[in-house]
Amino acid sequence: MIFATPAFAQGLGRGHGHRGQRGGGGGLGPRVMQALDLDETQRQQINELRSEMQSELRSTRQQMQGLRSQMRSLWESESPDRAAILSLGEQIGSLQDMMRDRRTAFRLSSLALLTPEQQAELTELIEARRERQQEGRGRHMRRGRGQGAGPGMAAGTGRGQGAGPGMAAAGRGRGQRLAQALDLTEEQQAQLRSLRQERRQNLAPIKQQMQQARQALRAQWSSGQPDAQAIEALQGQLSSLRNTTREETVDFRLQMLQLLTPEQRARFAELPRGRRR
């Protein structure tokens with residue numbers, strides 16, 4: 001059986017996927033422990049669990065840094081090797097999955113050290129934080145800023161945040177900035193718009209499947225007795241879908257690079273990652 005309350009499993013960390021999985025992990029930091037009025041024994045046990053986790057994750061992060069350095073070299077080469085990029089991306093994804101699983105184990109182990117009253121209080125804290133986050137997202141969308149992920153050029157894959165009303169305009173703005181930065185011709189801009197549209201169409205059903213899997217995962221955590229095997233299967237499904245998304249992203253970027261002149265490609269490589277869209 002998994003020792004978890006719904007809010008702890010969903011909200012104690014910073015997300016189910018790869019993003020928001022950095023830092024100490026687990027969310028039971030000094031302020032939360034103080035709010036829950038943990039005794040010294042509980043604090044010490046949780047800190048020991050966190051120390052063990054961080055020690056293990058430190059090595060994994062070092063491996064990821066090395067792989068990402070290799071990835072940058074692959075993309076900066078004159079003729080990026082698609083197979084090598086995808087293989088490296090899968091290795092990075094596997095390490096990210098390992099880190100996610102380790103943080104999940106830490107959270108569950110930490111929860112087991114709390115009293116029922118502390119678990120209930122933690123649930124209230126997390127629900128309050130979730131409400132504040134939702135209010136913040138609502139304000140952003142009302143301002144037309146949108147919360148969706150753009151087409152992106154990174155070799156890896158991230159989770160979208162949903163589409164706000166300003167998403168389309170934001171996407172056009174990014175495209176215009178990229179066109180200006182690279183001095184794209186009208187023909188190049190038209191070809192790039194076509195590639196983006198094709199990618200959006202290809203990813204639409206995949207994103208829908210990911211959304212359904214996440215909903216099922218949330219339902220598992222929200223049930224009275226989460227099924228560990230079902231959770232593992234859903235996480236595996238999400239990892240597989242992310243691999244498919246990664247492949248689409250890599251193909252999009254390779255096709256985009258083919259549209260550029262050598263000078264434009266060199267300029268593109270010098271752009272900050274956030275502007276490569």
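**Concerning the overall build of the chain**
From N to C terminus, the chain includes nine helices and zero strands. Helices (α) and strands (β) of the chain occur, in sequence order from the N terminus, as α-α-α-α-α-α-α-α-α. For the chain, with 277 residues in total, the buried portion stands at 40%. Taking as baseline every contact in the chain between residues at least 6 positions apart, the subset at least 24 positions apart corresponds to 75%. When the accessible surface of the chain is summed, it comes to about 15600 Å², and 46% of that surface belongs to carbon and sulfur atoms.

**What about the pattern of salt bridges?**
Summed over all chains, the structure comprises five salt bridges. Arg-102 is the salt-bridge partner of Glu-56, the closest N and O atoms lying 2.7 Å from each other. On the criterion of sequence distance, the pair formed by Glu-56 in helix H3 (residues 40-76) and Arg-102 in helix H4 (residues 82-111) is long-range, its members being 46 residues apart. Glu-56 sits in the partly exposed class, given a relative accessible area of 43%. In this structure, Arg-82 and Asp-251 form a salt bridge, with 2.6 Å as the shortest nitrogen-oxygen distance. Pair noted here: Arg-82 is in helix H4 and Asp-251 is in helix H8 (residues 228-259), with a separation of 169 residues, a long-range link.

**Examining the side chain of Gln-118**
Residue placement: Gln-118 occurs in helix H5 (residues 116-142). We classify Gln-118 as buried; its relative accessible area is 8%. Within the local environment of Gln-118, its side chain forms a polar contact with the backbone oxygen of Leu-36, the two atoms lying 3.5 Å apart. Apart from the residues within four sequence positions on either side, Gln-118 is in contact with Leu-36, Asp-37, Leu-38 and Gln-42.

**Let's talk about the environment of Glu-270**
Within the secondary structure layout, Glu-270 lies in helix H9 (residues 262-270). Under the relative-accessibility criterion, Glu-270 is labelled exposed at 68%. In the structure, Glu-270 is positioned 194 residues away from Glu-76 in sequence and 9.9 Å away in space, judged by C-alpha atoms.

**Things to note about the confidence of the model for the chain**
Residues at a pLDDT of 70 or more form 74% of the chain, whose mean pLDDT is 77. Scored below 50 in pLDDT, residues 1-26 shows 85 contacts in the model against residues more than four places distant or in partner chains. The low-confidence segment residues 146-171, where pLDDT is below 50, has 61 contacts with residues more than four positions distant or belonging to other chains.

**Quick word on unusual backbone geometry**
The residue Asp-37 is not glycine, and still its phi comes out positive at about 55 degrees. Its location among the elements puts Asp-37 in the loop between helix H2 (30-35) and H3. Backbone geometry at Asp-183 places phi at a positive 55 degrees, although glycine is not the residue there. Secondary-structure assignment places Asp-183 in the loop between helix H6 (167-182) and helix H7 (186-222).

**Some details on the nonpolar core**
Among the nonpolar cores identified, the biggest contains 37 residues, and Ile-46, Trp-75, Leu-114, Leu-182, Leu-260 and Phe-268 are the most heavily contacted of them. When residues of this core are traced back to their parent elements, those giving at least two are H3, H4, H5, H6, H7 and H8. Setting aside residues no more than four positions away along its own chain, Ile-46 makes contact with Leu-28, Met-33, Leu-38, Phe-106, Ser-110, Leu-113 and Leu-114. Ranked by size, the runner-up nonpolar core spans nine residues in total, among them Leu-203, Ile-206, Leu-238 and Leu-241.

**Side note on the packing of H3 against H4**
Helix-helix packing is described using two parameters, namely the angle between the two axes and the distance between the axes. Relative to each other, H3 and H4 sit at 170 degrees, their axes nearing to 10 Å. Relative to H4, the element H3 lies roughly antiparallel. Its residues assigned to classes, the contact of H3 with H4 shows 16 nonpolar, eight polar and seven charged.

**Quick look at the packing of aromatic side chains**
According to the stated counting rule, one finds zero aromatic pairs in the structure shown. The ring of Phe-252 has Arg-199 sitting right over it, with the charged end atom 5.7 Å from the ring centre. The ring of Trp-75 carries the charged tip of Arg-253 above its face, separated from the ring centre by 4.0 Å.

**Details of the packing of H8 against H9**
Packing of H8 against H9 leaves a shortest axis separation of 8 Å and a crossing angle of 135 degrees. Judged by the angle between their axes, H8 and H9 are oblique. Contacts between H8 and H9 pair Arg-253, Met-256, Leu-257 and Leu-259 from the former with Gln-264, Arg-265 and Phe-268 from the latter. Looking at side-chain class alone, the contact of H8 with H9 contains four nonpolar, one polar and two charged residues.

Conventions adopted
Residues numbered from 1 in each chain as written. Predicted model: local features only at pLDDT ≥ 70, side-chain atom pairs only at ≥ 80, totals over all residues. Heavy atoms only, no water. Helix = DSSP H or I, 4+ residues; strand = E, 2+ residues; numbered from the N terminus. Buried < 20%, exposed > 50% of the residue type's maximum accessible area, 1.4 Å probe, protein only. Contact = heavy atoms within 4.5 Å. Areas by Shrake-Rupley, 256 points an atom, 1.4 Å probe, with all protein chains shown as cover. Salt bridge = Lys/Arg side-chain N within 4 Å of Asp/Glu carboxyl O. Polar contact = N/O pair within 3.5 Å; in protein donor to acceptor, adjacent residues only side chain to side chain. pLDDT = per-residue confidence, 0-100. Core = buried A, V, L, I, M, F, W, Y, C linked by side-chain atoms within 4.5 Å. Axes fitted to C-alpha atoms, helices over the stretch in contact; angles between N-to-C directions. Parallel < 35°, antiparallel > 145°, perpendicular 65-115°, else oblique. Nonpolar A, V, L, I, M, F, W, Y, C, P; charged D, E, K, R; others polar. Phe/Tyr/Trp six-rings, centres within 6.5 Å; stacked < 30°, edge-to-face > 60°. Lys NZ or Arg CZ within 6 Å of the ring centre and 35° of its normal.

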